[in-house]
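This is what each chain is made of:
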Amino acid sequence: MKLPWIRRGEIDDEIRAHLRLAIEDRVARGESPAEAERLARLELGNDLLVRERTRDVWAGVGFERWLQDLRYALRRVRRSPGFATIAILTLALGLGAVTSTFAIVNSVLLEPLHYRDGSRLFSVVNLPPPGAPNRYWLINGRHFYEWRAHCRSCQDIGMAESIGFSLSGSGETERFSGLRVSYNFFRTLDVAPALGRDFRADEELAGHVLILSDAVWRTRFAADPGVVGRTVRVSGEPYEIVGVMPAGFRLPLGRQWGPAFGPPDTQPAMFRPLGQDFSKVGPDGNNNYVAVVRLKAGISPSQTISELNALIADFVRQFGIEPKPTLLPLQHTMVRDARDGLLLLFGIAITTLLIVCVNVGNLMLVRAASRDREIGIRAALGSSRQQLFVLILTETLVLVAIGSIAGFILAKAALAAFSAWAPRDIPRLADIHAGPRVWVMTMAAAVVATLVCGLLPAWRMTSADPHRALKAGALTHTEHGRKIRLRELMVGIEVALSSVLLVVGALLATSFLRVLSVPKGVAIEHVITQDVSTSIAGVTDDDRIRFAGEALQRLAAIPGVLDVGVTNQLPLRGESWICGLRDAGPPNHKEIALANFRFVSPGFWDATGTRIRQGGAFRESDRERPVALISEHAARVLWPGQDPIGKHVGGCNGAVSLEVVGVVDDVRAEMEKEAPVTVYQPYWTMPISRPYFVVRTRERPETVAGDVRAALHAVNPEFAVGQAMTMQEIVESSVNGRRFQMNLVVAFAAFALVLASLGIYGVLSFSVARRTPELGIRLALGARATALGAMVVRQGMAPVLGGLVVGLIGAIAAGRAISSELYGVPPNDLPTFAAVAILLLLVGLCASWLPARRAMRTNPLKALRFE
Amino acid sequence: MKARDRQRLELLQGTLDMIVLRTLSWGPQHGYGISQMIRTASGEVLQVETGSLYPALHRLERQGWLRSEWKQSENKQRTKVYRLTPAGRKQLVAQQSQWDRLHAAIDGLMNARESPA
C-alpha cells in the first residue's frame, strides 16, 4: 500500500517523463526544440487534469480510503461534542490512570536497583524462633564479624547500624540520621562515592572520617565540590569529610530493613566507619545491625544461607538463642511492603479503564442504533462489510487517540502529584518516572481500548441487514432481540466491574476506620511531644540523666500542663531499642522473645494516658532499687496465668535482674501491629541521647509548644530542640499511607459508579425514545402508565441485578487478593457486600427512574402522530 | 459524474483497456511508448489521449492486470514501465474472444443482405 503523497509524486514524475519522451521524439524527427515542446504540450493537453484523473483512479483504495474514513470520523466526532467530550474525558481518565500506575509499578517494582549486578545483592536477616512476635530480626554484629572473616561463597559482606549525627562546624548544630558502616559496605554494593573516596580498611575501628549523602551535600554544603577534605564536628568530635555519594544512591529505608532499624522513612544522610571491634563484643551481642551480601557469581542463595548458618553454629549452641540467618534479595527488601499496595492500585486502574471502555462502547452502540439507516444505505451502495467495519472502528480510534494523548498528559501530572503527595514509605519514590516502557504501555492500553470500545459496535452494526434497515421506518421501532441484549450485557459488565471496585474501596475504607479505632494504649487528645538532642561533645551519661530530670521539673511548672514524662521512644513511631526478653528468676535465662525497652520517668504513663493495670509506677525514690514495669503482652509471654508482680525480668542495659512492680496496658508501636512486648525501665538507668518529652495539657496541646521549647532551652541552651508533635499528628502520620491509598481507591470506585449509572441511564432513555410509538400504542390500548414505568424500570434493573451477582462473586476473589492490605475486616465481609449491593441497586433505580418517568408521560396522541 | 458521460467513458474505457493490454502483450513498455505503438499499429488512425491513457494504466494496475516499475532508460532517464501480469494475460484472452464475437456479430449484421423472408 502506497501513501497518497508518494503516489502523487510518482504520477507527476510519470507524466513529466511522458512529456520529455515526446519532445525527444519530435526533436529526433527534426523539429526545433521550442516547437517540439510546444506541440508535445499541446498533444498532452491539460496536464493538471490528466494527473488528477489518474490520481482519482486510486481514490477509495487502501490508505486513501482510510484517510477518507478518518476525515469522516473527525467530522462525526465534531458534530456530537457532548458524546465526544464524555468519551474522550473518560478515556483520558482511564488511560491516564493505567499509564501513571504502570509507571509507578514499573519504576518501583520492575526496574532493577541502580546497583551493578543487583541480582547478586541480598540483605541478611534473622528468622526468629517460631512463635516470636516479629517477622524478622536484625542481625548480630558479632555474627557479622565471623561471616566477613570466613564466608567463602560471599564475594563481600558489609554491615551497618542506624545512628544519629549531630553536625556542627559550619552553621548551626543540626541533627541527621545516618549509618555507621563496615569499611567495605559501599564496596559490597559496588557503589563508589561521586566525589572523594570510599572508607579504607584501616579506618574501620578508629577513623574519624565521614561520607555525605548527595542530599546533605546539596542542602548543608551548597554542593561545594571543595567539601572533601574539610573537617566538621560530629557529636562534638572532629571528622574529615572524605567523600560524597552519587545522587542516585539509594538504600532501603529503616522500616524496609527490618523492625526498629532507625527512622522508618528517611534515607541515611551521612556515613561513618563502625568505630568498634566486633570480634571483642560479647558473643550474645545485640541484634541491631543490617548486613548486605554480594554473592560470588554462580552461587545460589541457599548455598550461602547454609554457610552463614554453619559459621555461627557455635554461638547458637553456646547461648541457646535460635536466630536463623536467611537472605532476602535487596530489591525485595526495598519493595516488599509496598508491593501489594502498588499492584492493588494498578489493578484498580485497569478495572477503571475497562469500565470506561465498556461505557464508551455502550454509548457508541446506542448512537450506532440511530445510524442503522446510514449503514444500510452504505451497504446497499456497495460498501463491503469490511469497509464498513473499518469506518466504524476509525471513529473509535479517533476518540481513543485524542483520549490517550490527553491521558498521557494526565498521567504525567498524576505522577508529579504522586511523587509530591504519596506517603514517604513508598520505596524508590524519587525513581518514579515515565520512560519508554510507559509509552509502550499507553499504546497497548489504547489499542486494547480501541478494540473493546470499537469492535462490538462495529461488528454489531455491520451485521445489520440493509434491507431491514431501509425498509423499517425510522420511528416504528419496537425493541428487537439481539441488539438490546448486547447493550444490556455491556451495562451488566459495567455494573459488575463497578461493584468489584466499590467492594474493594469499601473494604479499604472499613480497614482505615478499624485502624483508627484500634486500642492504641495512649490518649490522643491533649498530648504533645518534644524531642531534644543531647549529642554534643563533652556531655557525659550523668549529664544526660540529670538533664532529663531537670527538664521534667521545669516542664511540670508550665501553666496548663497536667503531667509530664520522658521516654527514649514515642508510641506509634515504630519498634526500637530491642533487646532479648528474659525471665531473670530461676531456673533459666533463655531469651524467649524480643522486647522493646523503654526508659521512662515515673510520670510517663499519666502523661500518655496509659493505664497501669496492676501494681504501680516506680518512684524517684526507687533510684537505688532495680525495678521495671512490663506490658500486659510481656506478662502474658513471661508468666502466663501467674501474678507478675514481684517476679524478675532481665534488663537491656546490663541490669541483669529487675523486680517487676507494675503491669501496664499494651501500647502500640505501629498502628497495624499487635502491641509489642514492652519492658519499662527507669530513665535514670539509661542515658538517652535523644529523649522525647511527653506533656499532657488542659487546653489544646499546641498552645504550650512555645513554653515547652523555652523550658528545654533554659535547662541547656546547647542542646538542639527538635520538632514538636502532638499525639494527634503522630497518629495522622502513621495512617497517612492508608488514607492516601483509600482516597485513591474510593475516588476510582466513585468514578466507576458514575459511569455505571450513566450507562444504565443512556441505554434506557435511548430505548424509551425509540419505543415512543410502541408506548403510545400500548397506552392507547389501555395500558396503565405506572405499568409502563414499571416495565422500563424492570428492563433497566435486569442487567444491574445480573451484573451485581457476577460482580459480587468477583469481589470475593478481589477481596482475597488484597487481603494483605486489609485490617480488621475479612475479605468477604458481609455488611460491606450488602452495603455495596444496596448502593448499586439504588443507583440503578435512580438511573432507571428518569427514563421510566418519561415513558409514563408519553402522550399517546403525540406519539402516534409521528407515524 | 453525469450519467451520459459515464456511459461514453465506459465504452471507451473497455475498448481502451483491451488495446492497452494487447500492446503490452508484445513486451513491457512505458506510457509514451504505449501511445506511440497504438498509433503506429493502427496506421495512425487511433490516437489515445494522455488524459485517458494514464487513468487506464493505473486502473488496470489497480485491478492487478498490470505491474509497474521504475526503470532507467538508455539516456539515464527514469521512466515507469508497465508489464502484463498472468491475470492480465487471462483478461486479455477473455476480452479478445468477447471482442471477436462482438465483431463477428456486428460485422454479420452490418454486411448481411436483406433477408428474403
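Computed from a prediction, not measured in an experiment: that's the story for all the values here.

### A short note on the overall build of chain A
If you tally the helices and strands in chain A, you get 27 helices and 22 strands. A compact globule built from 867 residues should have a C-alpha radius of gyration of about 29 Å, whereas chain A, at 37 Å, is more than 25% larger. For chain A, the C-alpha atoms occupy an extent of roughly 120 × 95 × 55 Å along the three principal directions. Here chain A, with 867 residues, has 53% of them falling under the buried criterion. For chain A, the exposed area adds up to about 37600 Å²; of that, 59% sits on carbon and sulfur atoms.

### With respect to the overall build of chain B
Per the secondary structure count, chain B includes four helices and three strands. Traced from its N-terminal end to its C-terminal end, chain B shows the element sequence α-β-α-α-β-β-α. Across the 117 residues in chain B, those meeting the buried criterion constitute 36%. For chain B, the share of sequence-separated contacts (at least 6 apart) that also reach a separation of at least 24 residues comes to 45%. Per element, the accessible surface of chain B, about 7900 Å² overall, is 53% carbon and sulfur.

### Quick word on the confidence of the model for chain B
All names here are of chain B. For chain B, per-residue confidence averages 81 on the pLDDT scale, and residues scoring 70 or more make up 85% of the total. The lowest-confidence element of chain B is helix 1 (residues 3-24), averaging 65 in pLDDT; the highest-confidence one is strand 3 (residues 78-84), averaging 91. Within the model, pLDDT remains below 50 along residues 1-11, and this stretch shows one contact once partners closer than five positions in the same chain are excluded. Interface confidence in the predicted complex, given as ipTM, is 0.83; pTM for the same model is 0.71.

### So, the sheet that holds strand 2 (residues 66-72) of chain B
Strand pairing in a sheet takes place through backbone hydrogen bonds and is either antiparallel or parallel in direction. All names here are of chain B. Across the sheet, which stays open at both edges, the three strands sit in the order 1-3-2 with antiparallel pairing between neighbours. The open sheet has two edge strands with one neighbour each: strand 1 (29-30) and strand 2. Where strand 2 meets strand 3, seven bridges bridge the pair, whose relative direction is antiparallel. Residue E69 lies in a different strand from strand 3, and its bridge partner there is V81.

### Some words on the packing of aromatic side chains
Under the criterion given, the structure shown has 17 aromatic pairs over all chains. Measuring from ring centre to ring centre gives 4.9 Å for F186 of chain A and F271 of chain A, while their planes differ by 85 degrees; the resulting arrangement is edge-to-face. Placement of F186 of chain A in helix 7 (residues 185-189) and of F271 of chain A in strand 8 (residues 270-273) is noted, with a sequence separation of 85 residues between them. The exposure class of F271 of chain A is buried, given its relative accessible area of 1%. Between F618 of chain A and W684 of chain A, the ring centres sit 5.8 Å apart and the planes meet at 70 degrees, which makes this aromatic pair edge-to-face. With F618 of chain A in the loop between strand 15 (612-615) and strand 16 (627-631) and W684 of chain A in the loop between strand 19 (678-682) and strand 20 (692-697), the pair connects residues that are 66 residues apart, well separated along the chain. For the pair F618 of chain A and W684 of chain A, one class covers both residues: buried. Counting every residue linked through ring pairs, the aromatic cluster contains Y115, F185, F186, F199, F249 and F271 of chain A. Of note, R78 of chain B hangs over the ring of W70 of chain B, and the distance from its end group to the ring centre comes to 4.2 Å.

### Points about helix 24 (residues 772-780) of chain A
All names here are of chain A. Listing the buried residues of helix 24 in full gives P773, E774, L775, G776 and L779. On the buried face of helix 24, the contacting elements are helix 23 (736-770), helix 25 (785-817), helix 26 (830-856) and helix 27 (860-865). Just downstream of helix 24, G782 is the residue with a positive phi angle, here 105 degrees.

### Brief notes about the side chain of N184 of chain A
All names here are of chain A. Considering the arrangement of structural elements, one finds N184 in the loop between strand 3 (174-181) and helix 7. Among the residues examined, N184 registers a relative accessible area of 1% and is labelled buried. Side chain to side chain, N184 and R148 meet in a polar contact 3.4 Å long. When residues no more than four places from it in sequence are discounted, the contact partners of N184 are R148, D156, I157 and G158.

### So, the interface of chain A and chain B
Of the residues lining the interface, 22 residues belong to chain A; the matching set on chain B comes to 22 residues. At the boundary of chain A with chain B, total buried surface from both sides reaches about 2000 Å², with 55% on carbon and sulfur atoms. The three residues of chain A that bury the most area against chain B are E14, H18 and V57 of chain A, which together make up 28% of that side's buried surface. At the junction of chain A and chain B, the tally comes to three salt bridges. The partner of E14 of chain A in a salt bridge is K80 of chain B, with the nearest N and O atoms 3.6 Å apart. Examining the composition of the side of chain A that touches chain B, we find that 12 residues originate from one element, helix 1 (residues 4-28) of chain A, more than from any other.

### Observations regarding empty space enclosed by the protein
A probe as big as a water molecule, rolled over the atoms, marks out the empty space that is left. All names here are of chain A. All told, the structure shown has eight cavities of 30 Å³ or more when counted by the stated rule. In this structure, the largest cavity spans a volume of roughly 110 Å³. Taken together, 17 residues form the lining of the largest cavity, with P571, R598, V667, T678 and Y680 sitting closest to its centre. Broken down by secondary-structure element, the contributors of at least two residues to the lining of the largest cavity are strand 14 (591-600), helix 19 (604-608) and strand 19. Partitioning the lining of the largest cavity into residue classes produces nine nonpolar, six polar and two charged. Its volume calculated, the second largest cavity comes out at about 90 Å³. Lining the second largest cavity are 14 residues, with L179, G254, F261, T266 and P268 positioned closest to its centre. Listed by contribution, the elements that provide at least two residues to the lining of the second largest cavity are strand 3 and helix 9 (254-257). A total of three residues in the lining of the second largest cavity trace back to one element, the largest contributor, which is strand 3. The residue inventory of the lining of the second largest cavity, partitioned by class, reads eight nonpolar, six polar and no charged.

### Considering the state of the cysteines
Covalent bonding between the sulfur atoms of two cysteines defines a disulfide. Residues and elements named next belong to chain A. For the structure shown, the criterion picks out one disulfide over all chains. Each sulfur of the disulfide joining C151 and C154 lies 2.0 Å from the other. Looking down the S-S bond of the C151 and C154 bridge, the torsion is 75 degrees, so its handedness is right-handed. Each of the two residues, C151 as well as C154, counts as buried.

### A word on the pairing of strand 12 (residues 561-567) of chain A
Residues and elements named next belong to chain A. Within strand 12, six of the seven residues are buried, which leaves the element mostly enclosed by the surrounding structure. By the bridge criterion, six bridges tie strand 12 to strand 20 in an arrangement that is antiparallel. Of the residues in strand 20, the one forming a bridge with G565 is V694.

### Considerations on the side chain of D622 of chain A
Tracing the backbone shows D622 of chain A in the loop between strand 15 and strand 16. Ignoring sequence-local partners within four residues, the contact set of D622 of chain A consists of V627 and W684 of chain A.

### Section: the environment of S848 of chain A
Residues and elements named next belong to chain A. By the element assignment, S848 lies in helix 26. For S848, a relative accessible area of 0% puts it in the buried group. Here the alpha-carbon distance between S848 and G789, two residues 59 residues apart in the chain, equals 9.3 Å. Residues contacting S848, with those up to four places away along its chain left out, are I760, L764, V792, V793, G796 and M797.

### Thoughts on the environment of V98 of chain A
All names here are of chain A. Looking at where V98 falls in the secondary structure, it is placed in helix 5 (residues 81-110). Between the C-alpha atom of V98 and that of E702, which follows or precedes it by 604 residues, the distance is 42 Å. For V98, the contacting residues outside a window of four places in its chain are F346, A349, I350, L353, M441 and A445.

### Remarks on the nonpolar core
Grouped burial of nonpolar side chains is what soluble globular proteins tend to show. Residues and elements named next belong to chain A. One finds Y115, L189 and F271 to be the most contacted residues of the largest nonpolar core, which totals 119 residues. Sorting elements by how many residues they give to this core places helix 12 (residues 330-369) first, with 18 residues. Apart from the residues lying within four places of it in its own chain, the contact partners of Y115 are L121, L189, V191, F249, R250, L251, L330 and M334. Among the nonpolar cores identified, the runner-up in size contains 52 residues, and V539, Y683, V694 and M727 belong to it.

### A word on a positive patch on the surface
All names here are of chain A. A cluster of like positive charges, contributed by R71, R75, R78 and R79, occupies part of the molecular surface. Structurally, R78 is set in helix 4 (residues 62-79). R78 sits in the exposed class, given a relative accessible area of 63%.

### Notes on unusual backbone geometry
Here D190 of chain A, not a glycine, exhibits a phi torsion of approximately 60 degrees, which is positive. Here D190 of chain A shows up in the loop between helix 7 and strand 4 (195-196).

Parameters and conventions
- Residue positions are given per chain, counting from 1 as you read along its sequence in written order.
- Labels follow written order: the first chain is A, the first ligand is 1, and so on.
- With the structure being a predicted model, the display of local features is reserved for residues of pLDDT at least 70 and the display and counting of side-chain atom pairs for 80 or more, all residues being used for whole-chain, interface and lining totals.
- Calculated side-chain values reflect all of the structure's heavy atoms, with hydrogen atoms and water omitted.
- Secondary structure is summarised from DSSP: a helix means a run of H or I of at least four residues, a strand means a run of E of at least two, and numbering begins at the N terminus for each.
- In this setup the radius of gyration rests on C-alpha atoms only. A globule is expected at 2.2 Å times the number of residues raised to 0.38.
- For each residue, the accessible area found with a 1.4 Å probe, counting protein chains only, is set against the maximum for its type, and the residue is called buried under 20%, exposed over 50%, and partly exposed in between.
- Calculation of accessible area relied on Shrake-Rupley with a 1.4 Å probe; when residues are assessed, cover is drawn exclusively from the protein chains displayed.
- The contact criterion used is simple: two residues touch if any of their non-hydrogen atoms lie within 4.5 Å.
- Summary of the metric used: pLDDT quantifies the predictor's per-residue confidence within the range 0 to 100.
- Strand pairing is assigned whenever DSSP detects at least two bridges linking the two strands.
- Pairing of aromatic rings covers Phe, Tyr and Trp, the last counted by its six-membered ring, and requires centre-to-centre distances within 6.5 Å; plane angles under 30 degrees mean stacked, over 60 mean edge-to-face, and any other angle means tilted.
- Cation placement over rings: the criterion is NZ of Lys or CZ of Arg within 6 Å of the ring centroid and within 35° of the ring normal.
- Each polar contact in these results corresponds to two N or O atoms within 3.5 Å; when the atoms are within protein, one needs to be able to donate a hydrogen and the other to accept it, and residues that are neighboring in sequence are counted only if both atoms are side-chain atoms.
- When two parts are put together, the accessible area they lose, computed with a 1.4 Å probe and summed over both, is reported as buried area.
- For salt bridges, the criterion is a side-chain nitrogen of Lys or Arg within 4 Å of an Asp or Glu carboxyl oxygen.
- Here a cavity is any set of points on a 1 Å grid over the protein atoms alone where a 1.4 Å probe fits but cannot get out, and a pocket is any open set with protein on both sides within 12 Å along at least 5 of 7 lines; a residue lines the site when it has an atom within 4 Å of a point.
- Grid points are joined across faces, edges and corners, and a volume is the space filled by probe spheres set on the points.
- Amino acids are sorted into nonpolar (Ala, Val, Leu, Ile, Met, Phe, Trp, Tyr, Cys and Pro), charged (Asp, Glu, Lys and Arg) and polar (every other residue, Gly among them).
- Cysteine sulfur atoms that pair up within 2.5 Å are treated as a disulfide.
- By nonpolar core is meant a set of buried Ala, Val, Leu, Ile, Met, Phe, Trp, Tyr and Cys residues that side-chain atoms within 4.5 Å join together.
- The patches described consist of residues with a relative accessible area above 30% and no salt bridge, like charges being joined within 9 Å and nonpolar side chains (Val, Leu, Ile, Met, Phe, Trp, Tyr) within 5 Å.
- Residues counted as positive are Lys and Arg, residues counted as negative are Asp and Glu, and His and the chain ends are not counted.
- Lysine's charge is taken at NZ, arginine's at CZ, aspartate's at CG and glutamate's at CD.

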